[in-house]
Amino acid sequence: MDWEKLVAAAWQAREAAYAPYSNFAVGAALLAKDGRIFMGCNVENISYGLTNCAERVAIGAAVAAGAREFLAVAVVADTGVPISPCGACRQVLAEFGTPRVMLANRNEQLEFSLEDLLPRASSGILDRPE
Ligand code: THU
């Protein structure tokens, strides 16, 4: 796993963040099973609840490009401690697998499994009958 490359892509994605209301820019980079990397940034709206987080923007870009299986995601922001994805993004990441998660700020990277961040998604929420 080339975390350095994925984290760098997330910082690059963050450059495009549209966050005039919170002034809090977030970047995400998703590694697909086929090796492609998809990037996302947060996209805010004057109707605040319509804001899309960086993670879900990356998922949308990937799915629109035909990728549905992911190995990892990196999420970055200029925070005091590494950023932590919201509950909605955890579940959207779980929908497509995404077993490994790196959360980073400028000087620290913390690796988690998605199972750590959203326990029992695969055995509970996503365990649909055939
Ligand atoms: N945000 C993300 O894009 N990802 C996260 O993991 C946490 C929060 C965005 C949403 C909003 O634009 C801003 O950060 C403040 O919450």
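Parameters and conventions
- Residues numbered from 1 in each chain as written.
- Predicted model: local features only at pLDDT ≥ 70, side-chain atom pairs only at ≥ 80, totals over all residues.
- Heavy atoms only, no water.
- Helix = DSSP H or I, 4+ residues; strand = E, 2+ residues; numbered from the N terminus.
- Rg over C-alpha atoms; globule rule 2.2 N^0.38 Å.
- Buried < 20%, exposed > 50% of the residue type's maximum accessible area, 1.4 Å probe, protein only.
- Contact = heavy atoms within 4.5 Å.
- Areas by Shrake-Rupley, 256 points an atom, 1.4 Å probe, with all protein chains shown as cover.
- Lys, Arg positive; Asp, Glu negative; His and termini not counted.
- Charge placed at Lys NZ, Arg CZ, Asp CG, Glu CD.
- Pairing = 2+ DSSP bridges.
- Axes fitted to C-alpha atoms, helices over the stretch in contact; angles between N-to-C directions.

*Asks:* Which residues make up the overall build of the protein, and what are the values?
*Replies:* If you tally the helices and strands in the protein, you get 5 helices and 5 strands. For the protein, the succession of helices and strands along the chain, N to C, is α-β-β-α-β-α-β-β-α-α. Expected size for 130 residues packed as a compact globule is a radius of gyration near 14 Å; at 14 Å, the protein falls within 12% of this value. Judged by the C-alpha coordinates and their principal axes, the protein covers about 45 × 35 × 30 Å. Here the protein holds 130 residues, and 40% of them are scored as buried. Looking at the protein alone, contacts between residues at least 24 apart form 61% of all its contacts between residues at least 6 apart. On the protein, roughly 7,100 Å² of surface is accessible, and the fraction owed to carbon and sulfur atoms is 52%. Measuring between centres, the 11 positive side-chain charges of the protein sit 3 Å from its 15 negative side-chain charges.

*Asks:* For the sheet that holds strand β1 (residues 26–32), give the residues involved together with the corresponding values.
*Replies:* A sheet is described by the order of its strands in space; here 5 strands give the open sequence β2-β1-β3-β4-β5, paired in mixed fashion. Unpaired on one side and paired on the other, β2 (37–41) and β5 (109–113) mark the two borders of the sheet. Each strand of the sheet is rotated relative to its neighbour by a mean of 20 degrees, with strand direction disregarded. Pairing between strand β4 (residues 97–104) and β5: 5 bridges, direction antiparallel. Paired with M102 across the strands is E111, a residue of β5. Sheet strands in contact with helix α1 (residues 3–14) are β1, β2, β3 (70–77), β4 and β5, and its direction is about 50 degrees off that of β3. Of the strands in this sheet, β1, β3 and β4 touch helix α3 (residues 87–95), which is tilted by about 140 degrees from β4.

*Asks:* Kindly report on the environment of T98, identifying the contributing residues and their values.
*Replies:* One can find T98 in strand β4. Judged by its relative accessible area of 0%, T98 falls in the buried class. Distance in space between the C-alpha atoms of T98 and I59 is 10 Å, their sequence separation being 39 residues. Once you skip the residues sitting within four places of it in the chain, T98 turns out to touch L30, F70, L71, A72, V73, L93 and L114.

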